[in-house]
Amino acid sequence: KNCDPDNCRYAKGFFDRLKNATEDIFTHTDLFDFSTVKDFAMKHEICSFEYALYLSYFCDLIIADYNYAFDPKAHLIRYFDVDDYQPKLLIDEAHNLISRSKDMYSASLSTTNLINLRKSLSSMKPSVKNDIKNCLEIVESYDDKIAIDTPFFDKFMNNDLYVSIKRICNKCETIFSDNKEFKNKDEALEEYFILKDYLMISELFGESHRFMIRKEKDDFVVNLNCLDASKFLLDIIKTRCFGTVFFSATLYPIKYHMDLLTKGEGKFLTLNSPFDKDNLKLIIRDQISTKYKDRKNSLDEIINTIDILASSKVGNYIVFFPSYQYLDMVKDVLLDYPYELIIQKPNMTDIERDIYFEKFNDNSTTKIGLFVMGGVFSEGMDFIGDRLSGVIIVGVGLPQVNFENNLLKDFFDEKYESGFDYAYTFPGFNKVVQAAGRVIRSESDRGVVILIDERFSYQLYRSLMPKEWSHFRKINLDNQLKKELEIFWNNK
């Protein structure tokens, strides 16, 4: 929305109506959630976003996304850039902050962004045409250094590009200041903010960053990739907070998480699970390889395992895969089986996700969800009670082998001498533990987890398993698996 008071009735006179709106909401409730704030804001015709920020001053507890505390582009200035407050941070699902924080301290822009900005401001003064032309020439000069599948990268960013982009942004600010309205202003602002983000991260660029340029068809994409954001997280924790607690059910191994969240600083506490381990039937099938080259050969065994589990008891089950491609291979075979399939699609909306989640409320017939590890259904979803009877996890969750992850591996090899584990093994196994955690969500839940991959018998992966998994059974014979499941379901 255009926040100019001349264009927005919720901005015009905002402070004139703020006091009455605040007294009104205080009179009726002390929990300011999304719908409540919106309803009172609409009632008093004030901006609901600014209203929520103002109300936060009077709250004892604020629940928000990580980026409101840690993202340099989005953190709440009123709490983290002034001396009046020293918030205490309770950081749930802390294992996710490692990858999220790297994204927060990375930036990306493309030649398409520059071309679109030039087009949007073609008739405006001061002209940005020559500066954008200079930018494009700098980026395109890397063409002969880029291979088809291998981007160019360097430990140092291109300062000439930085200076050129800064010049463009300065001219944009003059244009926006001198011209409240003009054709294509929204489009120009969108591209301008991308360039501003690039400049902000450029100011933070250091030894944990890599400058990278890749070619995508006719487009060049420039990235400032943050490989390790622990330095920035620790600075916020030490200088802007009164106390911080990171917590999660999957902080395995603890050293890896401490290294990448707080540079190894701080104390840790490990608590026992409150759930009876006998309520979880944990089975490993380690005679099946799910490595990329073996996936076609693994299909029959995976289908058999799914069928045996789904036939053991009427209920809802989920099979987690390392990729959509693998999921589709199994789906095509499962279509011939008498089960209702719930199949995750890429880029699902919140509404689509909620519709899928609601399907698990009914367990009168057997349904099988085919989902990907690390996706929205493998974390943060509580399938309490009889909503979920079992989970099958295919593979050890390793991230895709690609140029960026290999950059991480090389970086962590230098830093911790554990490059492959820090880039692949540890974040992958966290996905496995999270996916398995969907089954037992309360003291009375009972269910089955089957891990399929030969690597689950390797000493490294055994050492990463929670101690509550020590009772696992290794079962590779189908008849034995049927018998074990029958005994488990009959033993109340």
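The present account deals with the structure reproduced in this document. (Residues numbered from 1 in each chain as written. Predicted model: local features only at pLDDT ≥ 70, side-chain atom pairs only at ≥ 80, totals over all residues. Heavy atoms only, no water.)

Digging into the overall build of the protein
Here comes step 1: Counting secondary structure elements, the protein contains 19 helices and 13 strands.
Here comes step 2: Along the three orthogonal principal directions, the C-alpha set of the protein runs to about 80 × 65 × 50 Å.
Here comes step 3: The buried share of the protein, reckoned over its 492 residues, is 47%.
Here comes step 4: Considering only contacts within the protein whose residues lie at least 6 apart along the sequence, 76% involve residues at least 24 apart.
Here comes step 5: Element-wise, carbon and sulfur atoms account for 50% of the exposed surface of the protein, whose accessible area totals about 26000 Å². (Helix = DSSP H or I, 4+ residues; strand = E, 2+ residues; numbered from the N terminus. Buried < 20%, exposed > 50% of the residue type's maximum accessible area, 1.4 Å probe, protein only. Contact = heavy atoms within 4.5 Å. Areas by Shrake-Rupley, 256 points an atom, 1.4 Å probe, with all protein chains shown as cover.)

Side note on the packing of helix H12 (residues 254-262) against helix H17 (residues 419-436)
Here comes step 1: Two elements in contact, H12 and H17, have axes whose closest approach is 11 Å; the angle formed by their N-to-C orientations is 115 degrees. Classified by the angle their axes make, H12 and H17 are roughly perpendicular. Considering how the two elements wind past one another, H12 and H17 form a crossing that is left-handed. Residues Lys255, Tyr256, His257, Asp259 and Leu260 of H12 touch H17, and the partners they reach there are Tyr422, Phe426, Pro427 and Asn430.
Here comes step 2: Tallied by class, residues from the contact of H12 with H17 come to 5 nonpolar, 2 polar and 2 charged. (Axes fitted to C-alpha atoms, helices over the stretch in contact; angles between N-to-C directions. Parallel < 35°, antiparallel > 145°, perpendicular 65-115°, else oblique. Left-handed = near helix turned anticlockwise from the far one by under 90°. Nonpolar A, V, L, I, M, F, W, Y, C, P; charged D, E, K, R; others polar.)

A look at the packing of aromatic side chains
How two aromatic rings sit relative to each other is set out by the distance from centre to centre and by the angle between their planes.
Here comes step 1: Within the structure shown, the criterion is met by 34 aromatic pairs.
Here comes step 2: Geometrically, the ring pair formed by Tyr192 and Phe193 is tilted, given 5.4 Å between the ring centres and 55 degrees between the ring planes.
Here comes step 3: Residue Tyr192 is classed as buried on the basis of its relative accessible area, which comes to 8%.
Here comes step 4: Put simply, the rings of Phe26, Phe32, Tyr54, Tyr57, Phe58, Tyr79 and Tyr85 touch in pairs and so form one group of aromatic residues.
Here comes step 5: One residue, Arg387, lies across the ring of Phe357, its end atom 4.2 Å from the ring centre. (Phe/Tyr/Trp six-rings, centres within 6.5 Å; stacked < 30°, edge-to-face > 60°. Lys NZ or Arg CZ within 6 Å of the ring centre and 35° of its normal.)

Here's the deal with the sheet that holds strand E9 (residues 340-343)
Here comes step 1: The strand order across the open sheet formed by 7 strands is E9-E10-E8-E11-E12-E7-E13, and the pairing between neighbours is parallel. Because the sheet does not close on itself, it has two edges, and the strands there are E9 and strand E13 (473-474).
Here comes step 2: Pairing of strand E8 (residues 316-321) with strand E10 (residues 367-372), which is carried by 6 bridges, proceeds in the parallel orientation. For Asn316, the partnering residue across the bridge sits in E10 and is Lys367.
Here comes step 3: Of the strands in this sheet, E9 and E10 are in contact with helix H15 (residues 350-359), which crosses E9 at around 150 degrees.
Here comes step 4: Lying on the sheet, helix H19 (residues 478-490) is in contact with strand E7 (280-285), E8, strand E12 (447-452) and E13; it crosses E7 at an angle near 175 degrees. (Pairing = 2+ DSSP bridges.)

Things to note about the nonpolar core
Here comes step 1: Ranked by size, the top nonpolar core spans 66 residues in total, and within it Phe70, Ile393, Phe429, Leu451 and Trp469 carry the most contacts.
Here comes step 2: Per-element accounting of this core gives the leading share, 9 residues, to H17.
Here comes step 3: The next biggest cluster of nonpolar side chains, apart from the first, holds 37 residues, and it includes Leu114, Ile138, Ile165 and Ile175. (Core = buried A, V, L, I, M, F, W, Y, C linked by side-chain atoms within 4.5 Å.)

Focus on the side chain of Ser56
Here comes step 1: If you trace the backbone, Ser56 turns up in helix H3 (residues 48-56).
Here comes step 2: In this structure the side chain of Ser56 is engaged in a polar contact, spanning 2.5 Å, whose partner is the backbone oxygen of Leu53.
Here comes step 3: Apart from the residues within four sequence positions on either side, Ser56 is in contact with Ile62, Arg78 and Tyr79. (Polar contact = N/O pair within 3.5 Å; in protein donor to acceptor, adjacent residues only side chain to side chain.)

Some points on a nonpolar patch on the surface
Here comes step 1: On the surface, Phe26, Tyr57, Phe58, Val82 and Tyr85 cluster together into a nonpolar patch covering about 420 Å² of accessible area.
Here comes step 2: Structurally, Tyr57 is set in the loop between H3 and helix H4 (67-70).
Here comes step 3: What makes Tyr57 partly exposed here is its relative accessible area of 33%. (Patch = residues over 30% accessible without salt bridge, like charges linked within 9 Å, V, L, I, M, F, W, Y side chains within 5 Å. Salt bridge = Lys/Arg side-chain N within 4 Å of Asp/Glu carboxyl O.)

Things to note about empty space enclosed by the protein
Take a probe with the size of a water molecule and roll it over the atoms, and the empty space left behind shows itself.
Here comes step 1: Tallied over the full model, the rule gives 1 cavity of 30 Å³ or more.
Here comes step 2: If you add up the space inside the largest cavity, you get close to 30 Å³.
Here comes step 3: The wall of the largest cavity is formed by Ile306, Leu309, Ala310, Tyr317, Ile318, Val319, Ile368 and Ile392.
Here comes step 4: Elements with a contribution of two residues or more to the lining of the largest cavity: helix H13 (295-312) and E8. (1 Å grid on protein atoms, 1.4 Å probe; cavity = no way out; pocket = protein on both sides within 12 Å on 5 of 7 lines; lining within 4 Å. Points joined across faces, edges and corners; volume = space filled by probe spheres on them.)

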